[in-house]
Amino acid sequence: MKRYIILILLISSSLTICAQSTVKIALCKYSGGGDWYANPTSLPNLIEFCNQNIGTTIDPVPATIEVGSADIFNYPFVHITGHGNILFSDSDVRNLRQYMISGGFLHIDDNYGIKPYVFREIKKVFPETDFVELPFSHPIFHQKYEFPAGLPKIHEHDNLPPQAFGIFYEGRLVCLFTYECDLGDGWEATAVHHDSEENHQKALRMGANIIQYVFDN
């Protein structure tokens, strides 16, 4: 009987350790009318790819949180996407700023058409600084997967080159805005947007680089 009790305790302890080693990431819900819920399979697919290829132990089911919620501090990586307007209230701005300067990371992916709203609202969060374009030499492009020319081009949009913009706080990249790229569409199954398998893999690999960079810095 004693052996069985010890075995049960060991199993319980192992499960606790496994649970503690699992981290969750989150999709961010915002106000303003934009479709924050676009690409519902993007994050689950990215998580699966990361867990299989870069050794992460991310919970397969991402959370959904609101910009102004205290729950945001539970997630080291928060993702925003959509096509339309984004609007942060004063309390959203305070919460989001505190999240990012405290170690959190915000990734905003342009699903198409959100750049003016992103620049306007993030300026409320960091009025003292501006987005700067990341050079191709930035480490985020040189994690497990090499992207010597920066972001991959997944969808055409306005036929402009893809750009990665960052907000830095005390030297740390706290917010990444991926523009004219559409990583989120690329993370979804190829049948959803009729993407090639090559573009699907490029999007997932770049997403894995972002996750690896965030988790290691």
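Residues numbered from 1 in each chain as written. Predicted model: local features only at pLDDT ≥ 70, side-chain atom pairs only at ≥ 80, totals over all residues. Heavy atoms only, no water.

### A short note on the side chain of Ser 42
Here's step 1: Mapped onto the secondary structure, Ser 42 falls in helix α2 (residues 42-53).
Here's step 2: For Ser 42, a relative accessible area of 2% gives the class buried.
Here's step 3: When neighbours within four sequence positions are excluded, Ser 42 is seen to be in contact with Gly 184, Asp 185, Trp 187 and Glu 188. (Helix = DSSP H or I, 4+ residues; strand = E, 2+ residues; numbered from the N terminus. Buried < 20%, exposed > 50% of the residue type's maximum accessible area, 1.4 Å probe, protein only. Contact = heavy atoms within 4.5 Å.)

### So, the pairing of strand β4 (residues 105-110)
For a regular strand, side-chain orientation follows a simple rule: the groups alternate between the two sheet faces.
Here's step 1: Across the 6 residues of β4, 6 count as buried, placing the element largely inside the fold.
Here's step 2: Judged by which residues are buried, β4 turns out to be covered on both faces: Phe 105, His 107 and Asp 109 on one side and Leu 106, Ile 108 and Asp 110 on the other are all buried.
Here's step 3: Relative to β4, strand β3 (residues 77-82) runs parallel, the two sharing 6 bridges. If you follow Phe 77 over to β4, its bridge partner there is Phe 105.
Here's step 4: Assessed by its sense of winding, the connection that carries the chain from β3 through helix α3 (residues 90-101) to β4 is right-handed.
Here's step 5: Sheet topology note: the β4/strand β7 (residues 172-179) ladder contains 4 bridges and is parallel. (Pairing = 2+ DSSP bridges. Right-handed = clockwise from strand over helix to strand, strands pointing away.)

### Remarks on the packing of aromatic side chains
Here's step 1: This model, assessed by the stated rule, comprises 12 aromatic pairs.
Here's step 2: Consider the rings of Phe 73 and Tyr 99, whose centres lie 6.0 Å apart with planes at 75°: the pair is edge-to-face. One end of the pair, Phe 73, is in the loop between β2 (63-66) and β3; the other, Tyr 99, is in helix α3, and 26 residues separate them in sequence.
Here's step 3: Phe 73 sits in the partly exposed class, given a relative accessible area of 39%.
Here's step 4: You can call Tyr 99 buried: its relative accessible area is 2%.
Here's step 5: Centroid distance Phe 165 to Tyr 179: 6.4 Å. Interplanar angle 50°. Geometry classified as tilted. (Phe/Tyr/Trp six-rings, centres within 6.5 Å; stacked < 30°, edge-to-face > 60°.)

### With respect to the pattern of salt bridges
Here's step 1: With the rule as written, the count across this model stands at 8 salt bridges.
Here's step 2: The salt bridge involving Glu 66 is made with Lys 29; its shortest N-O contact spans 3.9 Å. One end of the pair, Glu 66, is in strand β2; the other, Lys 29, is in strand β1 (residues 26-29), with 37 residues separating them in the sequence.
Here's step 3: We classify Lys 29 as partly exposed; its relative accessible area is 33%.
Here's step 4: Glu 121 is the salt-bridge partner of Arg 120, the closest N and O atoms lying 2.6 Å from each other.
Here's step 5: Overall, Arg 120 belongs to the partly exposed group, its relative accessible area being 38%.
Here's step 6: Look at the salt bridges and you will find they share partners, linking Arg 120, Glu 121 and Lys 124 into a network. (Salt bridge = Lys/Arg side-chain N within 4 Å of Asp/Glu carboxyl O.)

### Points about the pairing of β2
Here's step 1: The alternating pattern of β2 places Ala 63 and Ile 65 on a buried face, while none of Thr 64 and Glu 66, on the opposite face, is buried.
Here's step 2: As judged from the 4 bridges shared by β1 and β2, these two strands associate in the parallel manner. When the bridges of β2 are listed, Cys 28 appears paired with Ile 65.

Read these as layout, nothing more, since geometry by itself doesn't imply function.
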